[in-house]
Amino acid sequence: MADDDGFFLPTDAFVEVLLRLPTSSRRRFRFVCKHWRDLIDERTPERQVRTKILAFFSEAGASHAVVLPDHPLPDDGGRQEWTFPSSTSNSNTYTFGYIRRIRDAGVVHLVGTCNGLLCLRDDVPNPGGGGTLSTISVVNPSRKVVKYGFGYHPTTGKYKVVVVSCLPASTCFTKRLEIDMVMVLTLGRPEPDSGWREVPGLAGPDSGYHDSGDVIVTVDGTAYWLTGRANRVAVLDLGSDDERVASFEAPPCLQVLQVPEKATCQLTSVHGRLGVLVTRQQPAAARTDVWVLEGGGGGGRRQPRWSRRWSGLLDPGGDDGLGRWITAPHFTNGEYVLSKREDTRICETWLYRRKVGDLANGSGKNAELWPLEGAEEIFHREFFYGGVATFPYVETLEPLPI
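The structure presented is a predicted model; accordingly, all values stated were derived computationally and were not measured.

Draft legend 1. Main features of the overall build of the protein chain. When helices and strands are tallied, the protein chain shows three helices and 27 strands. Here the protein chain holds 402 residues, and the buried ones make up 36% of them. Across the protein chain, every contact between residues at least 6 apart in sequence was considered, and the portion connecting residues at least 24 apart equals 43%. For the protein chain, the exposed surface amounts to about 23600 Å²; the carbon and sulfur share of it is 51%.

Draft legend 2. Local environment of the packing of aromatic side chains. Under the definition given, this model contains seven aromatic pairs. Considering the side-chain rings of Y152 and Y159, the 4.7 Å spacing of their centres and the 45° angle between planes classify their relative orientation as tilted. We classify Y152 as partly exposed; its relative accessible area is 35%. Aromatic pair Y224 and F248: ring centres 6.3 Å apart, planes at 85°, arrangement edge-to-face. Of this pair, Y224 sits in strand 16 (residues 222–226) while F248 sits in strand 18 (residues 246–249), and the two are 24 residues apart along the sequence. Note on Y224: relative accessible area 10%, which makes it buried. It is R341 that lies over the ring of W350; its NZ or CZ is 4.2 Å from the centre. Sitting above the plane of the Y336 ring, R353 keeps its charged end 4.1 Å from the centroid.

Draft legend 3. Geometry of the confidence of the model for the protein chain. Across the protein chain, the average pLDDT comes to 76, with 73% of residues at or above 70. Taken element by element, the protein chain is modelled with least confidence in strand 4 (residues 92–96), mean pLDDT 46, and with most confidence in strand 16, mean pLDDT 92. Here residues 360–372 scores under 50 on pLDDT; set against residues more than four positions off or in separate chains, the count is 39 contacts.

Draft legend 4. Local environment of the sheet that holds strand 9 (residues 145–153). The strand order across the open sheet formed by four strands is 9-10-12-13, and the pairing between neighbours is antiparallel. The outermost strands of the open sheet, each flanked by one partner alone, are strand 9 and strand 13 (197–199). Between one strand and the next, the sheet's axes are offset by a mean angle of 30°, whatever the strand orientation. Strand direction decides the pairing type here: strand 9 and strand 10 (residues 158–166), joined by nine bridges, are antiparallel. Residue pairing in the sheet places Y152 in a bridge with Y159 of strand 10.

Calculation rules
- Residues numbered from 1 in each chain as written.
- Predicted model: local features only at pLDDT ≥ 70, side-chain atom pairs only at ≥ 80, totals over all residues.
- Heavy atoms only, no water.
- Helix = DSSP H or I, 4+ residues; strand = E, 2+ residues; numbered from the N terminus.
- Buried < 20%, exposed > 50% of the residue type's maximum accessible area, 1.4 Å probe, protein only.
- Contact = heavy atoms within 4.5 Å.
- Areas by Shrake-Rupley, 256 points an atom, 1.4 Å probe, with all protein chains shown as cover.
- Phe/Tyr/Trp six-rings, centres within 6.5 Å; stacked < 30°, edge-to-face > 60°.
- Lys NZ or Arg CZ within 6 Å of the ring centre and 35° of its normal.
- pLDDT = per-residue confidence, 0-100.
- Pairing = 2+ DSSP bridges.
- Axes fitted to C-alpha atoms, helices over the stretch in contact; angles between N-to-C directions.

As C-alpha cells, this is what we get:
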C-alpha cells in the first residue's frame, strides 16, 4: 500500500497495525480514503457482540453494576460485577435490622452506556449546606486488570513500585490472565531515568498471570507472582539494574488449581521467605497448606526447594454468613498465624492469632485453626465493602526517598 508521498507499507503489515488498534479508532480511519475504508471493512471486520443486560444498583456509599449472561449459570457463574464507591468521606452509619445503612454518603448513578463505556454521576452532599454536588466520569470497567506491588531492596536501598497490567478475563471462572505489560517505578530516582519503565516479561507457555490475589508479594527485595498456568513463579529482582522477569518452578501441589472451584492459592511471606497458601475445599471444612521456598529459585539454574511447613482446617462458613479464613499477604507474625472471620450479614470482621510455633522444620505441621476455641481475638471492626488484608509494618524515622 502506497500513499501520495511514495511511502510504501505492505498490506498485511498495515492490517496487523489496524488489528492492534481499538475498534473506535478503526472506525475513524475508514474516512481517510476509499482504499482504507474497503481494507478495514474486508480485513478487520468488527466483532459482532450480543447486547447483554447491565443492572445498576445505586446505593449510598458504593454502587454496583452487574452484567447478566445470556444463559444464567449455577452459583451466579458467567456474570460480571463492578463496584463504584462514592468520593464522599463525611458519612456515618445506622443499623436497620441486619442491614447497615450509610447516612450522608454520596450516591453514584449510571447516566448511560456507549460502546462498553459507562458514564457515571457521583452525587455528594454539599458541605456548604443544601443540595448536592455532582461529578461526571467515564470509565471502561473491563479495560484492564491491574496488580500492584511495593518493595525495598536492602542492598541498593531503593524503593520500587511494580505494576502488572493484564487483559480482562473472558469469564468470571478464568484465573489465567494475559499480561499486557510489566512496569516499574523507582522512588527518588534522578533524571533522566525517573518515571515508569516497562521491563521485559516472560514469553511462551510460562507467561501470563494467575489471578490469585490482589497484590504482588515482595520478599527481601524481590517481587513474585504466579504465572498463568500456576506451574511457575514469576520473579523480578528489584535490586538488579537489568530489570527483567524470570521464573522458577512452583510447588507441585498447585496442580489442584487446574480445578478452580475446588482450590485457591495466595502468595505470602513466611518469616522473610516466599510462601504459598493452598486452600482446598472439603465437604465440612477447607484445608490450607503452607509451602515455603527453602532455597533456589530466583530464575537461576538452582532448582527451587519447597517444603510444607503447616497444614490446618478452616471453617468455610455457611448460610449464616460466617466464615474463618487465613489472612494475606501477611500470614505469620512471630510464632503466630493470623486468621479472620467475616459476618457478611452485619458487615463486621474479626482478626485472630494463634500460636503454632515458628513454622521451622515442620514444627507447625498439622496444627489446626478450627474450631475457633484457642484463637485470640486481636481486632474487631465494621466494614462497608471489600475485605481485610494484613501487611507487615515497622515504624521508622527514615525520610521518604523523593
